[in-house]
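Structure at a glance
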Amino acid sequence: MNISNNNFASIDEMRHKMANGSAHTVAGAAGNGSGKSFDKVLIDTADEVKFSKHAAKRLEMRNINISDEQKARLEDAADQAMEKGMTESLVMVDNLAFILNVRNKTVVTAVNDTANAIFTNIDGAIIN
């Protein structure tokens, strides 16, 4: 099967085309009944910080609950790290530590006991 409509080289190219209105709008594409177009949902969620499977397990294992306010601060820190050209960053939010893959905006691990913690393979830290 050959699908050749709307091939895009990257997600950035897709975002650019959607921002310029050249991508097709599909209302309610996910069947969520929200009435949002697919491109709007994609753009809205593209900049959110995600948690890897490993990080999600650590959050659960260590009983770490993140408030909406803390997640917003984590997302702000991810943006700051990207602006500074970091690739793997330690982000401190209150008493929580997150290792963030900046390029993918993905938290790769989370720690709530930083008293004797050692963090390696990072190129920057943001205390937020």
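Above this text sits the structure in question.
Residues numbered from 1 in each chain as written. Predicted model: local features only at pLDDT ≥ 70, side-chain atom pairs only at ≥ 80, totals over all residues. Heavy atoms only, no water.

Another aspect to go through is the overall build of the protein. Across its full length, the protein holds four helices and five strands. Secondary structure elements of the protein occur, N-terminal to C-terminal, as α-α-β-α-α-β-β-β-β. Counting the 128 residues in the protein, one finds 30% classified as buried. Looking at the protein as shown, the accessible area adds up to about 8500 Å², and 49% of this sits on carbon and sulfur atoms. (Helix = DSSP H or I, 4+ residues; strand = E, 2+ residues; numbered from the N terminus. Buried < 20%, exposed > 50% of the residue type's maximum accessible area, 1.4 Å probe, protein only. Areas by Shrake-Rupley, 256 points an atom, 1.4 Å probe, with all protein chains shown as cover.)

Our focus in this paragraph is the environment of Phe 98. Looking at the secondary structure, you find Phe 98 in strand S3 (residues 96-101). Taking the C-alpha atoms as reference, Phe 98 lies 9.9 Å from Ile 126; in sequence the two are 28 residues apart. In this structure Phe 98 touches Phe 51, Leu 59, Ile 66, Leu 74, Ser 89, Leu 90, Val 91, Val 93, Val 107, Thr 109 and Ala 110, once residues within four positions along its chain are discounted. (Contact = heavy atoms within 4.5 Å.)

Mapped onto the fold, Thr 109 is located in strand S4 (residues 106-111). A distance of 3.4 Å separates polar atoms of two side chains, one belonging to Thr 109 and the other to His 54. Thr 109 has contacts with His 54, Ala 55, Arg 58, Arg 62, Ala 97, Phe 98 and Ile 99, leaving out every residue within four places of it along the chain. (Polar contact = N/O pair within 3.5 Å; in protein donor to acceptor, adjacent residues only side chain to side chain.)

Another aspect to go through is the pattern of salt bridges. Evaluation of the coordinates by the stated rule reveals three salt bridges. The closest approach of N and O atoms between Asp 94 and Arg 73, which form a salt bridge, is 3.0 Å. Note that Asp 94 is positioned in the loop between strand S2 (88-93) and S3 and Arg 73 in helix H4 (residues 68-83), a separation of 21 residues in sequence. Residue classification places Asp 94 among the partly exposed positions, given a relative accessible area of 45%. Each of Glu 69, Arg 73 and Asp 94 takes part in one network of salt bridges that share partners. (Salt bridge = Lys/Arg side-chain N within 4 Å of Asp/Glu carboxyl O.)

Our focus in this paragraph is the sheet that holds S2. Overall, mixed pairing links the five strands, which are arranged S1-S4-S3-S2-S5 in an open sheet. The open sheet has two free edges, formed respectively by strand S1 (50-51) and strand S5 (124-127), since each of these has just one partner strand. Pairing of S1 with S4, which is carried by two bridges, proceeds in the parallel orientation. Within S4, the position partnered with Lys 50 by the bridge is Thr 106. (Pairing = 2+ DSSP bridges.)

On to the pairing of S3. The element S3 is extensively covered by neighbouring structure, given that six of its six residues are classed as buried. Residue alternation in S3 divides its side chains into two sets, Leu 96, Phe 98 and Leu 100 and Ala 97, Ile 99 and Asn 101, and both sets are buried. Relative to S3, S2 runs antiparallel, the two sharing six bridges. Within S3, the residue paired with Leu 90 across the bridge is Ile 99.

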